[in-house]
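# Coordinate analysis (summary)
Each chain, letter by letter, is given below.
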Amino acid sequence: MKIKDLSSLEYITPGTGACAGCPSTIGLRIIGKALGKNTIGFLTPSCAVASMGLTPQTCYTFSALNICFASAGASAGGAAMALDALYRKGKLQGEKPVVFNWVGDGGTYDIGFQGLSGSAERNDDYIHFCYNNEAYSNTGNQRSGATPQFALTTTSPMGKEIGQKNMPLLMLEHRPPYVATASLGYPMDLYRKVEKAKNISGFRYIEIHMPCCTSWRFPPADTIRMSKLAVQTGAWLLWEGEYGKLTLNGVTASLAEGRKKPISMEGYLKLQGRFSTMFKSPEKEKHLALIEANIQRELEFMAGRAKL
Amino acid sequence: MSKVFGSGNTACALAVKDADVDFVAAYPITPQTAVAEKIAAYIAEGIMDANYLPVESEHSAASAIAAASAVGARVFTATASQGLLYMHEILHYAAGGRLPMVMANVNRAVNAPWCLYADHQDAVSQRDTGWIHIHTASNQEIYDSILLAFKVTEEVQIPVMVNYDGFLVSHSMMPFETLDENKIKEYLPPFNPSWRLHPQWGGTFGNVTYSEQYVPYRESLTRDVKKAGEVIVRCAKEYQELTGRWHGGYFDVYRLEDASFFLLSMGSMGKEMELAVDLLRKEGIPAAGLRLRVFCPFPKEELSVLLPDGAKLLVFDRNLVYGSAAGVLLQESRAALYERRDDLRITGISVGLGGEDLPAVLLADRARQMIQEVEK
Amino acid sequence: MDKKIVQPISRPTKGACGRTGTWRSQRPVFEAPLCNGCLICWLYCPEAAISREDRSIDYEYCKGCGICAEECAKNAIRMVKEEVK
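Residues numbered from 1 in each chain as written. Chains lettered and ligands numbered in written order. Predicted model: local features only at pLDDT ≥ 70, side-chain atom pairs only at ≥ 80, totals over all residues.

### Here's the deal with the overall build of chain B
Helices and strands together make up the secondary structure of chain B, namely 13 helices and 15 strands. In terms of overall size, chain B behaves like a compact globule, its C-alpha atoms giving a radius of gyration of 20 Å where 376 residues would be expected to give roughly 21 Å. With the principal axes as the frame, chain B shows a C-alpha extent of 70 × 55 × 45 Å. Across the 376 residues that make up chain B, the buried fraction comes to 56%. (Helix = DSSP H or I, 4+ residues; strand = E, 2+ residues; numbered from the N terminus. Rg over C-alpha atoms; globule rule 2.2 N^0.38 Å. Buried ≥ 20, exposed ≤ 12 C-beta atoms within 10 Å, placed from the backbone.)

Structural data, given as structure tokens:
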């Protein structure tokens, strides 16, 4: 599959309220081309919702429903199961739509965690997309469970004291049919994963890394460059797992297996204003060493996990 | 038509089965648990054609049925007390979104402190969500009201909560009758919503609005909740024609003839109140019982019509409005009857909190105390 | 009874958040002779403002983020300062 072969279907229409350089709309465009027209999407409070436009206008072309913040898991699960009943009882005809969520890290890692964990355990039939910009960006960059250590946010103004949850791994350990991570820097890998997920039934989880120029403070033009750096440093790992069986992908596999050395985190973090305090701090070297050590640990862990 | 000897929860579950519900999501909580269990059992046994999602919380139960209603399914959930409180934000969402759904709420006291027994604080706390509230008092009434609730919710597209007292009704065995499929089909047409979420629709539901845009949604909801009262009464009359059974429209009335004192209450207390009325009548006190069935929309004209000039309204609330004289029914009655403040006397007390036992002698005694108060 | 049920419904609208082209402080300029048709710019535009067919840019909505220029391997797009009107 090449870029030239991608569908022209657009899940967004120009004139969105997203920041210039926003990765969310890029992500939606790519997944839309894989998912097609026969879908229903649920969204929870997040950048994607705040930038939609005001009633009665929307910038999204797919059928969407905005639900309360903690509800993503149960709503998608409920809709999918209700559709099953309606089709079975003959009240609806044709092909059952793909139900998906387009939810931020807040609605996935934090307030939405319970619902998703429940869905994963019950094997509810939908694809949960987490578009992870590592903060509550839409309300002005407050810390989330996905915010990395030392990052500045308005609610961690001295830099976040602790590291983030590994949500994709937590989802993997529920052992649902499909869990994957993806990056906009590797768009055809993302496309492949969405296509694969589309053809599986049951609970599927795909988390897409979303460097946010507004919260992370870097020039909007660098969104894709940041996405690639995140993967090449090991800060963001690319992998997929089916029923708990893990496979590392591409660059991540090379890094984990020691075939390639990760690019230094300093080069990646220095470009982001959210780490400026860390770089000015006398503890800078200590912090960077800790970050690199954590990256190494994660890579070793995932390499080992992939063997099970 | 089948004759059943079963609990209130059984009556509820059977009504859900008979109503051709498509999707149920529920989380167990005492005293509702048997409803979820029975529905799961009916589906597993193949006698109910629906899907059941065993969600991990009540907030998720409500979220699941809201989304399911949006895709066009006939949906149901049941809860009580803390569970109802936990789904509070979704109740607002469903009403504002005009998503039809029926929920059975098995009235139970709320924490802190912990208490498993019946009072109405859970339900009345949801007064301002935009939901229609119906309160029932017998297993037959539960069965009939669930079917009524589906008819009403799908016609007005406002969610309906059917309440019954925890343990007092939910766990009491009473004889009741269920309806045949063809009778139900006569009464309950297939679900045909004004809008449904499906891929070909291509829009967004529930987007952000500006202040000026927001107001019409609220105005239309409050207007439609008010109009729903007539729909409830009409549907109850249709049900009476179908089955011969009548539990009341807005009110279930008892011994109205020549009454001066009107004892207002909701739920099972309202049935016990009939015995209290008999006790008072024996003493020569012209008492009547008014068991309110429709708490929201609260009946203004209908209540006024029942009260002759100079009547004394004695309100028994099984809930509290903290810092005020008693409970919500007292406040609502006073507000509804404000124009008649010069000819009516209204007073009230809160009783039965935490499931406190309310035998007829106690109710009659409290009534006498209130009578003394209003005669001063 | 008036059957009109008022529900919060929105329809897809181009320019749902206004003429977002007015946000720009720089604009992309496309030079067709340098383009190899890889479509990376089309794929990466957060606004879907670049045409798949000829890489023309919809300046009504282009926010001037510069991703297209940054990612183009052939330097067929460059960012120039937006004119102040």
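Next, the rest of the story.
### Points about the sheet that holds strand β3 (residues 51-53) of chain B
Residue and element names in this part refer to chain B. Pairing is mixed in the open sheet, where seven strands are placed in the order β3-β2-β4-β5-β7-β6-β13. Edge positions in the sheet fall to β3 and β13 (294-296), since each of these pairs with one other strand and no more. For this sheet, the mean angle separating the axes of adjacent strands, direction not counted, is 20 degrees. Bridge count for strand β2 (residues 23-25) against β3 is three bridges, and the pairing is parallel. Within β3, the residue paired with V24 across the bridge is Y52. Of the strands in this sheet, β2, β3, β4 (75-79) and β5 (102-107) touch helix α2 (residues 33-45), which is tilted by about 140 degrees from β3. (Pairing = 2+ DSSP bridges. Axes fitted to C-alpha atoms, helices over the stretch in contact; angles between N-to-C directions. Contact = placed C-beta atoms within 7 Å.)

### Side note on the interface of chain A and chain C
The partner chain C presents 33 residues to the 34 residues of chain A that form the contact. Of all the secondary-structure elements, those providing two or more residues to the side of chain A that touches chain C are α1 (23-35), β2 (57-58) and α9 (223-233) of chain A. Residue composition of the side of chain A that touches chain C, by class: 15 nonpolar, 14 polar and five charged. Here two bridges tie β2(A) to strand β1 (residues 9-12) of chain C, and the two strands are oriented parallel to one another. Considered in β1(C), the bridge of A:T58 is made with C:P12. (Nonpolar A, V, L, I, M, F, W, Y, C, P; charged D, E, K, R; others polar.)

### Structural notes on the pairing of strand β4 (residues 98-104) of chain A
Residues and elements named next belong to chain A. Of all the seven residues making up β4, seven are buried; the element is thus mostly covered by neighbouring parts of the structure. Along β4, one buried face is formed by V98, F100, W102 and G104 and the opposite face, lined by V99, N101 and V103, is buried too. By the bridge criterion, five bridges tie strand β1 (residues 39-43) to β4 in an arrangement that is parallel. Counterpart to T39 in the pairing with β4 is V98. For β4 and strand β5 (residues 126-132), the ladder comprises five bridges, and the chain directions are parallel. Along β5, the bridge assignment pairs V103 with C130.

### Re the confidence of the model for chain B
On average, chain B scores 97 in pLDDT, and the residues at 70 or more come to 100%. Reported confidence for the predicted complex is 0.95 by ipTM and 0.96 by pTM. (pLDDT = per-residue confidence, 0-100.)

### Considering the domain arrangement of chain B
All names here are of chain B. Taken domain by domain, chain B holds domain 1 (2-243) and domain 2 (251-375). On a C-alpha basis, the centroid separation for the pair domain 1 and domain 2 is 27 Å. Taken together, the 27 residues of domain 1 in the interface contact 21 residues of domain 2. For the side of domain 1 that touches domain 2, the secondary-structure elements that each account for two or more residues are α6 (121-124), β6 (132-135), β7 (160-165) and α9 (211-243). Taken together, the residues of the side of domain 1 that touches domain 2 sort by class into 15 nonpolar, eight polar and four charged. (Domains from an automatic or database assignment.)

### A look at the nonpolar core
In this structure, A:A82, B:F23, B:A67, B:I146 and B:L263 are the most contacted members of the largest nonpolar core, which totals 239 residues. For this core, the element with the most residues is helix α3 (residues 72-88) of chain A, which contributes ten residues. In terms of domain composition, this core takes at least three residues from each of domain 1 (2-243) and domain 2 (251-375) of chain B. Leaving out residues up to four positions away in the same chain, B:F23 has contacts with A:G78, A:M81, A:A82, A:A85, B:A50, B:N51, B:I65, B:A68, B:A73 and B:V75. (Core = buried A, V, L, I, M, F, W, Y, C linked by C-beta atoms within 7 Å.)

### Some words on the interface of chain A and chain B
Listed per partner, the contact involves 39 residues of chain A and 41 residues of chain B. Within the residue set of the side of chain A that touches chain B, elements represented by two or more residues are β1, β3 (63-66), α3 and α5 (113-122) of chain A. Considering every element that reaches the side of chain A that touches chain B, the biggest residue donor is α3(A), with 13 residues. Partitioning the side of chain A that touches chain B into residue classes produces 20 nonpolar, 15 polar and four charged. Strand direction decides the pairing type here: β3(A) and strand β9 (residues 204-205) of chain B, joined by two bridges, are parallel. Directly across from A:L65, in β9(B), lies its bridge partner B:F205.

### Observations concerning the sheet that holds strand β14 (residues 312-317) of chain B
All names here are of chain B. Taken together, the five strands give an open sheet; going across it, the order is β10-β12-β11-β14-β15, and neighbouring strands pair in mixed fashion. Each edge of the open sheet is held by one strand with a lone partner, namely β10 (251-254) and β15 (345-350). Sheet twist, expressed as the mean angle between neighbouring strand axes with direction ignored, is 20 degrees. Here β14 runs beside β15; their pairing, made up of six bridges, is parallel. Bridge assignment links V315 to a residue of β15, and that residue is G348. In this fold helix α12 (residues 328-336) packs onto β11 (261-266), β12 (287-292), β14 and β15, with an angle of close to 150 degrees to the strand it touches most, β14. Contacts from helix α13 (residues 360-375) reach β11, β12, β14 and β15 within the one sheet, and its direction differs from that of β15 by about 140 degrees.

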